[in-house]
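Here's the letter readout for the chains.
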Amino acid sequence: MAKIKVIQTRSVIDRPKNQKATIEALGLGRPNWEIIHNDTPQIRGMIRKVVHLVKVEDLKD
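Residues numbered from 1 in each chain as written. Predicted model: local features only at pLDDT ≥ 70, side-chain atom pairs only at ≥ 80, totals over all residues. Heavy atoms only, no water.

Visitor: I tried to follow the overall build of the protein chain on my own but got confused; where do I start?
Guide: Counting secondary structure elements, the protein chain contains two helices and three strands. Going from the N terminus to the C terminus, the protein chain shows its helices and strands as β-α-β-α-β. The globule rule puts the C-alpha radius of gyration for 61 residues at 10 Å, and the 11 Å found for the protein chain is close to it. Principal-axis analysis of the C-alpha atoms gives the protein chain an extent of 35 × 20 × 15 Å. Every one of the 61 residues in the protein chain was classed for burial, and the buried ones make up 30%. Expressed as a percentage of contacts within the protein chain between residues at least 6 apart in sequence, the contacts between residues at least 24 apart total 72%. When the accessible surface of the protein chain is totalled, it reaches about 4,300 Å², and 51% of it is carbon and sulfur. (Helix = DSSP H or I, 4+ residues; strand = E, 2+ residues; numbered from the N terminus. Rg over C-alpha atoms; globule rule 2.2 N^0.38 Å. Buried < 20%, exposed > 50% of the residue type's maximum accessible area, 1.4 Å probe, protein only. Contact = heavy atoms within 4.5 Å. Areas by Shrake-Rupley, 256 points an atom, 1.4 Å probe, with all protein chains shown as cover.)

Now the structure itself:
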C-alpha cells in the first residue's frame, strides 16, 4: 500500500475545534511535526479538511 508523509506547517491556534481535532487525529500537534500514514480515502479526506495547515509528500516504497 502506498504511503504518504504528512507534515504540519502551521499552528492550530485560533482555528475551529473541528480543525484542531482533525490535526490531533492525524497524529500531529505542533508545526514541523511529521507522520507517515497509509494512503487511504479516509486519511485523504482528513487532509482535505486541513490542507491549509499541512504539507503532504508521496513516499516511494
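Visitor: Where do I start with helix H1 (residues 17–25) in this structure?
Guide: Residues spaced three or four apart along an α-helix point in a common direction, a consequence of the helix completing one turn every 3.6 residues. Restricting attention to buried positions, one finds in H1 the residues Gln19, Thr22 and Ile23. Within H1, the buried residues cover an arc of 100 degrees as seen down the axis, which keeps them to one side. Among the exposed residues of H1, those oriented more than 90 degrees off its buried face are Lys17, Asn18, Glu24 and Ala25. A positive phi of about 90 degrees marks Gly27, the residue just after H1. (Arc of directions from axis to C-beta.)

Visitor: Please explain unusual backbone geometry as it appears in this structure.
Guide: If a residue is not glycine, its phi is most likely negative; likewise, a peptide bond is most likely trans. In this structure, Asp14 takes a positive phi of about 65 degrees despite not being glycine. Its place among the elements puts Asp14 in the loop between strand S1 (3–8) and H1. In this model, Asn32 sits at a positive phi of 75 degrees, which is unusual for a non-glycine residue. If you trace the backbone, Asn32 turns up in the loop between H1 and strand S2 (34–38). We classify Asn32 as exposed; its relative accessible area is 65%.

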